[in-house]
Amino acid sequence: QGANPVFPRILGHEAAGIVESVGEGVTDLKAGDHVLPVFTGECKECRHCKSEESNMCDLLRIHTDRGVMLEDQKSRFSINGKPIYHFVGTSTFSEYTVCHVGSVAKINPLAPLDKVCILSCGISTGLGATLNVAKPPKGSTVAVFGLGAVGLAAAEGARMAGASRIIGVDLVPSRFELAKKFGVTDFVNPKEHSKPVQEVIVEMTDGGVDRSVECTGNINAMISAFECVHDVWGVAVLVGVPHKDAEFKTHPMNLLNERTLKGTFFGNYKPRSDLPSVVEKYMNKELELEKFITHEVPFAEINKAFDLMLKGEGLRCIITM
């Protein structure tokens with residue numbers, strides 16, 4: 001919830017919905033539009049938004065501690081006259097929510113909301129990390145660290161890009177069977193080897209993979225993901241969010257040997273400009289979303305969804321209002 005969590009607040013940040021009404025001055029959206037609310041926004045005016053290289057809007061970048069609207073620093077939710085606070089500009093565990101226009105992406109009205117909702121955060125993050133940042137050439141080898149929903153979305157991106165081999169790295173052996181649906185061809189469990197997993201991968205691939213994508217947030221996995229890519233052309237992309245005191249340590253020769261280390265945020269997608277085209281990839285059957293959705297519960301049973309998440313069972317649980 002952030003460094004200084006405020007309470008009470010309405011959580012939730014991965015959703016799809018229909019615009020009920022718009023406030024004064026909003027011209028980009030109208031009632032009835034189908035949208036994806038996004039935890040990081042795009043104002044279209046700041047230096048970041050005007051740069052083709054950035055998706056890190058100055059105004060609407062993720063802010064976990066802010067629980068109010070930007071315009072007047074007040075909440076739009078209340079109960080018995082007392083404010084309930086917002087969460088990362090979306091607060092989607094609610095039948096109705098209020099968002100800044102810059103945090104809402106308008107999408108194809110024909111797209112099923114109960115499928116494309118998962119593109120509002122995790123799946124786009126993993127997919128974009130591969131397609132927009134790692135950019136594996138056709139026929140290349142890719143290692144994905146962490147086979148949760150984000151990691152499998154990264155694998156899906158590698159599959160779409162035409163990778164010849166996708167190596168999944170995870171500590172849970174049961175995840176491999178499911179991962180095959182996302183194009184994963186090999187599975188490595190670091191617990192089953194006496195040497196560091198990067199050495200195992202380097203041996204498997206005759207010098208290292210062409211690309212790696214790290215989706216766990218574990219600092220050792222991040223180091224392994226970097227050290228397992230091939231010298232000269234290898235690119236490692238970090239997606240996972242580390243512990244606040246984590247430090248990345250590697251020998252400088254790993255960089256001097258021309259490997260590349262990159263980080264990404266929300267898969268380098270600009271939410272309003274780019275998400276409509278990701279929805280179209282689903283609509284034209286390039287991208288498969290159904291296989292990410294393993295459970296569904298009504299809103300009254302939201303705690304079941306949290307239990308599934310904590311146990312690591314399934315990938316995405318859709319909550320219907």
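A quick note: this is a predicted structure, and the numbers were derived from the prediction, not measured.

Conventions and cut-offs
Residues numbered from 1 in each chain as written. Predicted model: local features only at pLDDT ≥ 70, side-chain atom pairs only at ≥ 80, totals over all residues. Heavy atoms only, no water. Helix = DSSP H or I, 4+ residues; strand = E, 2+ residues; numbered from the N terminus. Contact = heavy atoms within 4.5 Å. Areas by Shrake-Rupley, 256 points an atom, 1.4 Å probe, with all protein chains shown as cover. Lys, Arg positive; Asp, Glu negative; His and termini not counted. Charge placed at Lys NZ, Arg CZ, Asp CG, Glu CD. Expected span 1.5 Å × (residues − 1). Buried < 20%, exposed > 50% of the residue type's maximum accessible area, 1.4 Å probe, protein only. UniProt positions renumbered as here; feature names shortened; annotations may be inferred. Phe/Tyr/Trp six-rings, centres within 6.5 Å; stacked < 30°, edge-to-face > 60°. Lys NZ or Arg CZ within 6 Å of the ring centre and 35° of its normal.

**Quick notes on the overall build of the chain**
And step 1. Across its full length, the chain carries 10 helices and 13 strands.
And step 2. The principal-axis extents of the C-alpha atoms in the chain amount to approximately 65 × 40 × 40 Å.
And step 3. Restricting to contacts in the chain with at least 6 residues of sequence separation, those with at least 24 account for 65%.
And step 4. Accessible area for the chain stands at about 16,200 Å²; split by element, carbon and sulfur atoms hold 53% of it.
And step 5. Averaged over its 34 positive side-chain charges, the chain has a centre that lies 1 Å from the centre of its 39 negative ones.

**Details of helix 4 (residues 149-161)**
And step 1. An ideal rise of 1.5 Å per residue puts 18 Å on 13 residues; helix 4 measures up with 18 Å between its terminal C-alpha atoms.
And step 2. Taken together, the buried positions of helix 4 are occupied by A149, G151, L152, A153, A154, A155, E156, G157 and A158.
And step 3. Packed against the buried residues of helix 4 are helix 3 (122-134), strand 6 (141-145), strand 7 (165-169), helix 5 (175-179), strand 9 (211-214) and strand 13 (316-320).
And step 4. With its phi angle positive at about 85°, G162 sits one or two positions after the end of helix 4.

**Concerning the environment of A246**
And step 1. Relative to the helices and strands, A246 is located in the loop between strand 10 (235-238) and helix 8 (253-256).
And step 2. Look at A246 and you get partly exposed, because its relative accessible area is 31%.
And step 3. Remark: the alpha-carbon pair of A246 and I219, spanning 27 residues in sequence, is separated by 6.5 Å.

**Notes on the UniProt feature "domain: Alcohol dehydrogenase-like N-terminal" (unreviewed entry) in the chain**
And step 1. In the numbering used here, UniProt assigns the feature "domain: Alcohol dehydrogenase-like N-terminal" (unreviewed entry) to residues 5-107.
And step 2. With 4% helix and 15% strand, the stretch residues 5-107 has end C-alpha atoms that lie 31 Å from each other.

**Description of the side chain of T264**
And step 1. Mapped onto the elements, T264 comes out in the loop between strand 11 (260-263) and helix 9 (271-283).
And step 2. With sequence-adjacent residues up to four places away left out, T264 is seen in contact with A129, V133, V237, L238 and V239.

**What about the packing of aromatic side chains?**
And step 1. With the rule as written, the count across this model stands at 7 aromatic pairs.
And step 2. Plain terms: the ring middles of F39 and F265 are 5.8 Å apart, the flat faces sit at 75° to each other, and that makes the pair edge-to-face. Taken together, the residues span a long stretch of sequence, with F39 in the loop between strand 2 (34-37) and helix 1 (47-50) and F265 in the loop between strand 11 and helix 9 at a distance of 226 residues.
And step 3. By relative accessible area, F265 is classed as partly exposed at 22%.
And step 4. One aromatic cluster in this structure is built from F39, F265, F266 and Y269.
And step 5. The aromatic ring of F182 is capped on one face by K291, whose charged end is 4.9 Å from the ring centroid.

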